Amino acid sequence: ILKGGNNKYDFFINGTYRNYGNYESGNGTEIISSFKAYDYSAKVGYNINNKNRLQVSFRESFAKDVMHAGLPMDALRDNGKLLTYDYLYKSNSTVLKTIKFKVYGSIVDHLMTNEFKKTFKFTTAIAPVSSKTLGGKNEFALSLNDKMMLFAGFDTYYINRDGVRNREMKINPCTETILNPHKFAIDKIWQNSYTSDYGVFAELQYNISDKATLKTGIRNDFIQSDILDPENDFAEFYENKLHPEVQNLTDFFGKFSYRMNERYNFTIAAGKSSRTPDLLELFINHSSVGQDAYEYLGNPNLNPEKNYQTDLIFSQNGDFFSIYADVFYSYIKDFITAKVDSSIPRKFTQCMQPAFTKQFINANEVYQYGFTAGFKIKIIKNLLFTSDANYTYAQNKTRNEPVAEIAPFSILSNLSYKFKQFLLSINNRYVAAQKRIATSFNETSSQSFDITDFNLSYSPLKLTTLSFGIENIANINYYEHTSRPYRSLPEQLMLYNPGRSFKFALTIKF
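As a convention, each chain's residues are numbered from 1 in the sequence order in which they are written. Confidence filtering applies because this is a predicted model: local features only for residues at pLDDT of at least 70, side-chain atom pairs given and counted only at 80 or more, and all residues used for totals across whole chains, interfaces and linings. Side-chain calculation: all heavy atoms of the structure are included, whereas hydrogens and water are not.

**A look at unusual backbone geometry**
- P181 follows N180 through a cis peptide bond whose omega is 5°.
- A run of DSSP states H or I qualifies as a helix once it reaches four residues; a run of E qualifies as a strand once it reaches two. Both are numbered from the N-terminal end. Inspection of the secondary structure assignment puts P181 in strand β11 (residues 178–188).
- That bond from Q353 to P354 is cis: its omega, -5°, falls within 30 degrees of zero.
- Tracing the backbone shows P354 in the loop between β19 (321–345) and β20 (356–380).
- The phi dihedral of D65 falls on the positive side, at around 50°, and the residue is not glycine.
- Within the secondary structure, D65 is located in strand β6 (residues 52–66).
- Burial status follows relative accessibility: with a 1.4 Å probe on protein chains alone, a residue under 20% of its type maximum counts as buried, one over 50% as exposed, and anything between as partly exposed. A residue is classified by how much of its surface remains accessible, and D65, at 24% relative accessible area, is partly exposed.
- One non-glycine residue, E239, adopts positive backbone phi at about 50°.
- Since its relative accessible area comes to 60%, E239 is described here as exposed.

Printed below as a string of structure tokens:
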């Protein structure tokens, strides 16, 4: 990290390099997951005067030989560029306070291959994929009076994804018959699809009193998604009903906060938010993109999700003891999920399991509730203990079953002690078993696990830090509920997390 500047100019430069090998799970199984990656970023700011500021940011990242344990292909390269322009205007007006303007654009170049997979014996597959994103935002901050601030503006973005998979079939994987001559095919993965959004928004902040604050907001979005180069079988399956209607979505929220005194705070928040289906959910065509081995089929006729949610938040901050809790309830219309459809066979290598395809669909009604809560105790000077718990209960009312891929109950605890330039900490993470699974998703249950880590850091100088850590001290063999099965080994297994591992780090800031 290198940064500096003066009252007129300032700059920030950062770079990282990572070279990871495969890792072993707690039972000694090697997980194929190596990759090499490096990136750099630079930011330059120019204060034209005390009212106007310009800033330019650029980031470029490179990754190569990324071994995906849970996917049928690996990434030979994954390179991206991001350029951002920011402008800030500060006004002396009693009404107009600031104007913010942002423009950004990114390009991602992605090349996938099965060169390092067992399937390479039968078929050579290469998939060059590109992704382009353009966007911008303009925001105005207005002081309506000494108690009310209004933030209003508009934003927009455009996302395009395109790419094909080129296949050279050498051996029939079902019969192991040598194909002479070889067969060739081109599969349209993203089918040159795009989505664009034009939105306007406003947020009002009203300081009712020294103890009470009210925030309320509204936004409206016009969203268009479309497919420009559909695959023949995709068009035939949906009977050429491939072009989603333009979505006009209005969302809103209200948030009331009350500070009883210097220690106690209470907040109630409620609102409606929408999520339009992304390009994968709309247009992916028989590709293994989920947390399992199924082929997934996009659905251009999906409706946006509409989430109506209420949160109750309480916190108490003390010199030696603090506590907080956030309890929520959410009711979702047209929840986007996927289900196994036995009427849709898998498209590629039909002799393999699973035999059917998962199609993205809307569930008419879903509800979920849960909480996030925690506390902090100052046992003695410089010795702190914190603990946080999370739980979500989610039910698909349409199918009368649990919602798929919901993380189970978990507790994260930390005991830390700071002594001069030393910081010692012990982390513990307990995750309960998840038995609430979705039958239509063909989801499997997961077991509980309990992981403990140790970390020690030493800062001999203000800008230098030495770190040492041991993760998964007990060498537990475990996997997360949302991990996928994978076939990089002779039999299908879950994607296990690393076993006991050691880490060393030296951090220097210039």
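That shown, we press on.
**Some details on the packing of aromatic side chains**
- Ring geometry is summarised as follows: Phe, Tyr and Trp rings, the Trp one being its six-membered ring, pair when their centres sit within 6.5 Å, and such pairs are stacked at plane angles under 30 degrees, edge-to-face over 60 and tilted between the two. Evaluation of the coordinates by the stated rule reveals 20 aromatic pairs.
- For the pair Y40 and F58, a centre-to-centre distance of 6.2 Å together with 50° between the ring planes defines the contact as tilted. Note that Y40 is positioned in strand β5 (residues 35–47) and F58 in strand β6, a separation of 18 residues in sequence.
- Plain terms: the ring middles of F454 and F468 are 6.5 Å apart, the flat faces sit at 65° to each other, and that makes the pair edge-to-face. Here F454 is found in strand β25 (residues 449–461), whereas its partner F468 is found in strand β26 (residues 464–471), with 14 residues between them in sequence.
- Among the residues examined, F468 registers a relative accessible area of 26% and is labelled partly exposed.
- Taken together through their ring pairs, the aromatic side chains of F234, F237 and Y238 make up a single cluster.
- Across from the ring centre of F12, 5.7 Å away, lies the NZ or CZ of K43, which sits over that ring.
- A cation sits over an aromatic face here: R436 above Y393, 3.8 Å from the ring centre. A ring is scored as having a charge over it whenever the NZ atom of a lysine or the CZ atom of an arginine sits within 6 Å of its centre and within 35 degrees of its normal.

**Re the state of the cysteines**
- The rule for a disulfide is simple: a pair of cysteine sulfur atoms within 2.5 Å. Across all of its chains, the model carries one disulfide by this definition.
- Here C174 pairs with C351 through a disulfide, and the sulfurs are 2.1 Å apart. On the sign convention where negative is left-handed, the bridge of C174 and C351, at about -90° about the S-S bond, is left-handed. Here C351 lies in the loop between β19 and β20 and C174 lies in the loop between β10 (148–171) and β11, a separation of 177 residues in the sequence.
- For C174, a relative accessible area of 41% translates into the label partly exposed.
- Overall, C351 belongs to the partly exposed group, its relative accessible area being 43%.

**Observations regarding the pairing of β20**
- In this description, strands pair whenever DSSP reports at least two bridges between them. Sheet topology note: the strand β17 (residues 295–297)/β20 ladder contains three bridges and is parallel. Note that in β20 the partner of E295 across the bridge is T357.
- One ladder, built from 14 bridges, connects β20 with strand β21 (residues 383–396); its direction is antiparallel. Within β21, the residue paired with F375 across the bridge is S387.

**Comments concerning the confidence of the model for the protein**
- For every residue, the predictor reports its confidence as pLDDT, a number between 0 and 100. For the protein, mean pLDDT is 93; residues scoring 70 or higher make up 98% of the total.
- Residue contacts are counted whenever heavy atoms from the two residues lie within 4.5 Å of one another. Below pLDDT 50 for its whole length, residues 487–491 participates in eight contacts with residues either more than four positions away or in separate chains.

**Observations regarding the pairing of β21**
- Here β20 folds back onto β21, and the loop between the two strands holds two residues, one of which, N382, carries a positive phi near 70°.
- In this structure, β21 lies alongside strand β23 (residues 410–419), joined through eight bridges in antiparallel fashion. Each residue of the ladder has a partner; that of D388, found in β23, is L412.
- Note that β21 and strand β22 (residues 401–402) share two bridges and pair antiparallel.

**Notes on the environment of R500**
- By the element assignment, R500 lies in the loop between β28 (493–494) and β29 (501–508).
- The spatial distance from the C-alpha of R500 to the C-alpha of I476 is 7.6 Å, given a sequence separation of 24 residues.
- In this structure, R500 is in contact with I470, E471, N472, I473, A474 and N475, ignoring residues within four places of it in sequence.
- Within the local environment of R500, its side chain forms a polar contact with the backbone oxygen of I473, the two atoms lying 2.8 Å apart. Within 3.5 Å is the distance limit for a polar contact, defined as a pair of N or O atoms, with the added protein rule that one can donate a hydrogen and the other accept it, and that residues adjacent in sequence qualify only through two side-chain atoms.

**Quick notes on the environment of I451**
- Along the chain, I451 falls in strand β25.
- Owing to a relative accessible area of 7%, I451 belongs among the buried residues under this scheme.
- In this structure the C-alpha to C-alpha distance between I451 and A407, which are 44 residues apart in sequence, comes to 16 Å.
- The residues touching I451, leaving out its near neighbours within four places in the chain, are N427, N428, R429, N472, I476 and Y478.

**So, the nonpolar core**
- Think of a nonpolar core as a cluster: buried Ala, Val, Leu, Ile, Met, Phe, Trp, Tyr and Cys residues, connected wherever their side-chain atoms sit within 4.5 Å. In terms of nonpolar packing, the biggest core is built from 31 residues, with F234 and Y296 touching the most fellow members.
- If you list the elements that add at least two residues to this core, you get β6, β9 (123–143), α1 (232–237), α2 (279–283), β17 and β19.
- Once you skip the residues sitting within four places of it in the chain, Y296 turns out to touch I284, N285, H286, S287, V289, G290, Q291, A338, T357, K358, F360 and F441.

**A short note on the side chain of N138**
- Mapped onto the elements, N138 comes out in strand β9.
- Beyond its immediate sequence surroundings of up to four residues, N138 is in contact with I99, K100, F101, A152, G153, F154 and F201.

**Focus on the pattern of salt bridges**
- For salt bridges, the criterion is a side-chain nitrogen of Lys or Arg within 4 Å of an Asp or Glu carboxyl oxygen. Applying the stated criterion across every chain yields a total of 22 salt bridges.
- In this structure, the salt-bridge partner of K272 is D251, at a minimum N-O distance of 3.0 Å. Separated by 21 residues along the polypeptide, K272 in strand β15 (residues 264–275) and D251 in strand β14 (residues 247–259) bring together distant segments of the chain. For the pair shown, K272 and D251 are each scored as buried.

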